[in-house]
Every structure is written in structure tokens, then in C-alpha cells.
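# Coordinate inspection notes
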Amino acid sequence: MTEVQDILPKFVELCDLNKPPATEFNGLSLASVLRGEDKISDDRMPIINFSRVPGFINHTAPHDQTIVRKEGAAIPWKTWCFLESRELDNLETDPMQKNNVYDQNLQVFRKIENQLDIGWERVKEVVNEPQKFIIDSDKEYPSFLTALDWLDVFIDQQPG
């Protein structure tokens with residue numbers, strides 16, 4: 001439910017809908033940014049954590065995971081990219097991300113890591129729980145599901 005609550009403020013504002021007075025949302029509307037009226041704050045740090053790798057796969061990469069972990073996140077911020085709680089890249093001087101510069105930029109690394117800690121606290125209890133898709137309502141547009149919408153099924157991992 002967290003993802004839906006995060007999207008709703010933007011959706012409500014963009015569609016000019018009336019929100020019931022007692023309704024609380026976790027998210028923040030970026031409608032004015034999408035309309036070109038505002039810019040995203042330089043302090044905004046989006047936390048990206050990739051979907052689960054199926055548990056039945058023999059992993060070939062050392063950092064593949066079968067569950068979402070805080071340490072698996074990537075966080076782009078300004079000219080920096082924080083990766084897996086172990087790497088910091090300067091995208092301005094090293095766009096190919098070949099040189100981990102976290103040792104030389106501990107203050108930046110700790111600032112981003114702190115935001116990850118705050119974000120993880122919000123989702124850690126439910127991040128690995130399957131989320132339901134409720135479909136087949138007379139009030140919805142047609143639903144389209146892809147292979148990525150199924151638990152532990154990925155299009156590139158189907159038997160030949």
C-alpha cells in the first residue's frame with residue numbers, strides 16, 4: 001500500500017480531484033514539477049532498490065539478492081551516485097562509475113546513507129511482502145500485466 005499512498009498526492013493534484021478531508025498521504029505531489037512550474041529540490045534523494053531476483057536461480061553476480069535489502073539500494077544525488085552502502089561515485093568527474101571515491105568523500109557518503117536509513121525505516125516491515133493487484137472492477141480502465149508483475153517470474157528466465 002505504501003507505493004499507492006506515495007503516488008496518490010501527485011495523481012489527485014494532476015487530475016484536479018477532491019481529496020476526502022480525513023485522508024492522509026505519505027507522498028508529496030510533484031505535479032508542479034511535471035507542469036514545469038517548479039524544480040525538484042537539490043536535496044531530494046530518490047532511493048532505488050531493484051526487484052527481487054527469484055530464489056530458485058543460481059546467482060552469478062556476488063551482489064545478487066533474493067530479497068530486497070537496505071544495502072542493495074542505489075541513490076543518485078546531485079553529481080553523486082551511492083551504491084549498495086559500499087560505493088560512492090562522482091558522476092561529473094567519472095560518468096562511467098569506475099572509481100569508488102567514498103573514502104575521499106565520507107561526509108557526502110554519510111549524508112546519503114542517513115537518508116537511506118530514514119527511508120528504510122518507513123518500508124522495512126513490508127518491502128518484501130507481495131503486493132496485491134486488484135483488477136476486474138467496472139470502474140477501472142483495462143489492466144495490463146507484464147512478466148514483471150508476477151512474483152519471481154521474469155521474462156528473461158523462461159524455459160526454452
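Our subject is the structure that appears above.
### Some thoughts on the sheet that holds strand S2 (residues 80-83)
Reading across from one edge, S1-S2-S3 is the order of the 3 strands in this open sheet, with antiparallel pairing throughout. Every interior strand has two partners, whereas the edge strands, strand S1 (74-77) and strand S3 (87-90), have only one. Strand-to-strand, the axes of this sheet are offset by a mean angle of 15°, without reference to chain direction. Bridging between S2 and S3 involves 4 bridges; their strand directions are antiparallel. Its bridge partner lying in S3, Leu-83 is registered against Glu-87. Along the sheet, helix H3 (residues 106-123) makes contact with S1, S2 and S3, crossing S2 at roughly 60°.

### Focus: the pairing of S1
Judged from the 4 bridges that link them, S1 and S2 form a sheet pairing that is antiparallel. Counterpart to Ile-75 in the pairing with S2 is Phe-82. The hairpin formed by S1 and S2 contains 2 residues between the paired strands, and Lys-78 there has a positive phi angle of roughly 50°.

### Describing the pattern of salt bridges
Going through the model one piece at a time under the given rule, you end up with 7 salt bridges. With a closest N to O distance of 2.3 Å, Arg-86 and Glu-84 form a salt bridge. The exposure class assigned to Arg-86 is partly exposed, which follows from its relative accessible area of 35%. With its nearest N and O atoms 4.0 Å apart, the salt bridge here joins Arg-86 to Glu-87. Accessibility expressed as a relative area gives 15% for Glu-87, which makes it buried. In the salt-bridge network here, residues are joined through shared partners; they are Glu-84, Arg-86 and Glu-87.

### Observations regarding H3
The terminal C-alpha atoms of H3 lie 26 Å apart, and with 18 residues this matches the ideal 26 Å at 1.5 Å per residue to within 8%. Buried within H3 we find Val-108, Phe-109, Ile-112, Leu-116, Gly-119 and Trp-120. Projected down its long axis, H3 shows its buried positions confined to an angular sector of 105°, all on one face. Residues of H3 that are buried in the fold lie against S1, S2 and S3.

Conventions used here
- Residues numbered from 1 in each chain as written.
- Predicted model: local features only at pLDDT ≥ 70, side-chain atom pairs only at ≥ 80, totals over all residues.
- Heavy atoms only, no water.
- Pairing = 2+ DSSP bridges.
- Helix = DSSP H or I, 4+ residues; strand = E, 2+ residues; numbered from the N terminus.
- Axes fitted to C-alpha atoms, helices over the stretch in contact; angles between N-to-C directions.
- Contact = heavy atoms within 4.5 Å.
- Salt bridge = Lys/Arg side-chain N within 4 Å of Asp/Glu carboxyl O.
- Buried < 20%, exposed > 50% of the residue type's maximum accessible area, 1.4 Å probe, protein only.
- Expected span 1.5 Å × (residues − 1).
- Arc of directions from axis to C-beta.

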